[in-house]
Amino acid sequence: MKFSNRLNRFGDEVFAALNERKMQLLAEGRTIYNLSIGTPDFETPAHIKQALIDAAAVQDNWKYSLRDLPELLQAVCDYYADRFGVTITPDQVMSVNGSQEGIGHLGMVLCDEGDTVLLPDPGYPVFTAGALMAGAQPWYYPLAPEKDFLPDFDAIPDEVADRAKYMVVGLPANPVGSVAKPGFYEELVAFAKAHDLLIVHDNAYSDIIFDGFEGRSFFNTPGAADIGVEFFSLSKSFNVTGARISFLVGRPDVVAALKKLRSQIDFGMFLPVQYAAIAALTGPRESVKTQCADYQARRDALCGGLRAIGWDVPNNHGSMFVWAKLPGGRTDSMAFCMELMEKAGVICTPGASFGPRGEGYVRFALVLPPERIAEAVASIGKSGLVTG
Ligand SMILES: Cc1ncc(COP(=O)(O)O)c(C=O)c1O
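Model, not experiment: these values are computed from the prediction. (Residues numbered from 1 in each chain as written. Predicted model: local features only at pLDDT ≥ 70, side-chain atom pairs only at ≥ 80, totals over all residues.)

### Brief notes about the overall build of the protein chain
Working step 1: Check the secondary structure of the protein chain and you find 13 helices and 12 strands.
Working step 2: In terms of overall dimensions, the protein chain is globule-like: its C-alpha atoms have a radius of gyration of 21 Å, near the 21 Å expected for 388 residues.
Working step 3: Each principal axis of the C-alpha atoms in the protein chain carries an extent, and together these give about 60 × 55 × 55 Å.
Working step 4: A buried classification covers 49% of the 388 residues belonging to the protein chain.
Working step 5: The long-range share in the protein chain, meaning contacts at least 24 apart out of those at least 6 apart in sequence, stands at 72%. (Helix = DSSP H or I, 4+ residues; strand = E, 2+ residues; numbered from the N terminus. Rg over C-alpha atoms; globule rule 2.2 N^0.38 Å. Buried ≥ 20, exposed ≤ 12 C-beta atoms within 10 Å, placed from the backbone. Contact = placed C-beta atoms within 7 Å.)

What follows is the structure, encoded as structure tokens:
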């Protein structure tokens, strides 16, 4: 069977080799600290689970939903007003099966073959996949340490920005953990207007942000509503990653276009999941705040701990990820991850899997409690990999 040329646009799964070795080490009874995948280990709030259970008991809720419930769209609008102080209307909202799916498909409604899109490097891999599925050409703008891992508009030539169809920006950022500084979004809106670009803002981590920075919506910025859309995910705030609850919010023409594409291939979000989403959006949010403090304690345990053993890893200010330059002048992130797993039992993700500028770094996900992170750090210390 000759598969499509399209499939050749995607590389092979980088985690396969790591996973295989992890399974072998576990089978040998080794202690493993898995800090590789960004799936939260916190509990889903009880009221969200209960809404899903109650809705699943109603037979009618097992039919094709075909649409987003009006109460769900209104719940998103009310949440935006209450949480972000942003006014949006239901025609500016649609559900997606996770931001991952939405970002994966959006390129197809915005681009034709050969169009240019601006993506961060390093960045979350589905940004690239969405462009490639559409046949578009990614142009990677740098997230560099000397610019605090924030987009550097001066690094994008005018003619590239002029021909690009859209630019993806996601803050707090995965994998680099950077957050917006005051004035950043104003600059982004001005850049988009100057080059007639659509901004696709990926808002997955507005509730995981530390050190006095504030998680916001892109639409907090004047003028953003004219030039942008935002993927708003409940996955990490409410620990519902498996339920796939996210929304595209913003320009009604873009929302309508993605709805049109998805209506060809999708019969709507499972109704019990829609009721769970309503419960999350309209229910109490204290747990979200406590959890943010818990993530910060994990960040302190990891970054502080690694610095104490001689690995100079700066604090990330947001997201659930720590971005660490390889110690001891090493440059091969995959080789280092294998060695770290072998010698310390700690699993992290090679930076190279997030783009060429990710090489020379690894990403740790803050998915274990501080005590276990402290054990992982001690194990790294004993391995001799940092000082050796
Ligand atoms: C930066 C970023 N965007 C989007 C997502 C996907 O979120 P969802 O669960 O809504 O697909 C993730 C998940 O890890 C992420 O890290």
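### Section: the site of the ligand
Working step 1: Residues in close proximity to the ligand total 13 residues, the closest being Gly98, Ser99, Gln100, Ser233 and Ser235.
Working step 2: The element that contributes the greatest number of residues to the shell around the ligand is helix α4 (residues 98-110), accounting for 3 residues.
Working step 3: Here the shell around the ligand is composed, by residue class, of 2 nonpolar, 10 polar and 1 charged. (Near = placed C-beta within 6 Å. Nonpolar A, V, L, I, M, F, W, Y, C, P; charged D, E, K, R; others polar.)

### Quick look at the sheet that holds strand β4 (residues 137-142)
Working step 1: Spatial strand order, β2-β8-β7-β6-β5-β3-β4: 7 strands in an open sheet with mixed pairing. Edge positions in the sheet fall to β2 (93-96) and β4, since each of these pairs with one other strand and no more. Averaged over all neighbouring strand pairs, the angle between strand axes comes to 25 degrees, with direction disregarded.
Working step 2: Bridging between strand β5 (residues 164-170) and strand β6 (residues 198-203) involves 5 bridges; their strand directions are parallel. Opposite valine 169, over in β6, you have histidine 201 as the bridge partner.
Working step 3: Across the sheet, α4 is in contact with β2, β3 (116-121), β5, β6, β7 (228-233) and β8 (246-250); its angle to β7 comes to roughly 155 degrees. (Pairing = 2+ DSSP bridges. Axes fitted to C-alpha atoms, helices over the stretch in contact; angles between N-to-C directions.)

### Re the packing of helix α3 (residues 70-84) against helix α10 (residues 271-282)
Working step 1: One way to put it is that α3 packs onto α10 with a least axis distance of 9 Å and a crossing angle of 25 degrees. Considering their axes alone, α3 and α10 lie roughly parallel with respect to each other. Crossing handedness for the pair α3 and α10: left-handed. Seen from α3, the contacting residues are Glu71, Leu72, Ala75, Val76 and Tyr79; seen from α10, they are Gln274, Ala277, Ile278, Leu281 and Thr282.
Working step 2: A per-class count over the contact of α3 with α10 returns 7 nonpolar, 2 polar and 1 charged. (Parallel < 35°, antiparallel > 145°, perpendicular 65-115°, else oblique. Left-handed = near helix turned anticlockwise from the far one by under 90°.)

### Brief notes about the environment of tyrosine 79
Working step 1: By the element assignment, tyrosine 79 lies in helix α3.
Working step 2: Separated by 156 residues in the primary sequence, tyrosine 79 and serine 235 have C-alpha atoms spaced 15 Å apart.

### Section: helix α13 (residues 370-383)
Working step 1: Taking 1.5 Å per residue, 14 residues should reach 20 Å; α13 reaches 20 Å between its end C-alpha atoms and fits that length.
Working step 2: Within α13, burial applies to Ile373, Ala376, Val377 and Ile380. Projected down its long axis, α13 shows its buried positions confined to an angular sector of 100 degrees, all on one face. Facing away from the buried surface of α13 by more than 90 degrees, the exposed residues are Glu371 and Lys382.
Working step 3: Just beyond α13, the residue with positive phi is glycine 384, at close to 80 degrees. (Expected span 1.5 Å × (residues − 1). Arc of directions from axis to C-beta.)

### So, the nonpolar core
Working step 1: Val76, Ile199, Ala276 and Val346 are the most contacted members of the largest nonpolar core, which totals 119 residues.
Working step 2: Looking at this core element by element, the count peaks at 9 residues for α10.
Working step 3: Lining this core are residues from two domains, each supplying at least three of them: domain 1 (5-43 + 287-383) and domain 2 (63-282).
Working step 4: Not counting chain neighbours up to four residues away, the residues in contact with valine 76 comprise Val93, Phe247, Val249 and Leu281. (Core = buried A, V, L, I, M, F, W, Y, C linked by C-beta atoms within 7 Å. Domains from an automatic or database assignment.)

### Things to note about the sheet that holds strand β9 (residues 321-325)
Working step 1: Taking strand neighbours across the sheet as the criterion, the 3 strands line up as β9-β12-β11 in an open arrangement whose pairing is antiparallel. A strand with exactly one partner marks an edge of an open sheet, and here the two such strands are β9 and β11 (349-350).
Working step 2: Pairing geometry for β11 and strand β12 (residues 361-365), over 2 bridges, is antiparallel. From the neighbouring strand, threonine 349 faces β12, where its bridge partner is arginine 363.

### What about the pairing of β8?
Working step 1: Judged by how many residues are buried, β8 sits mostly within the fold: 5 of 5 residues are covered.
Working step 2: Residues Ser246, Leu248 and Gly250 line one face of β8 and the alternating positions Phe247 and Val249 line the opposite face, and both faces are buried.
Working step 3: One ladder, built from 4 bridges, connects β2 with β8; its direction is antiparallel. The partner of valine 93 across the bridge, within β8, is valine 249.
Working step 4: Direction of pairing for β7 relative to β8: antiparallel, over a ladder of 5 bridges. Opposite serine 233, over in β8, you have serine 246 as the bridge partner.

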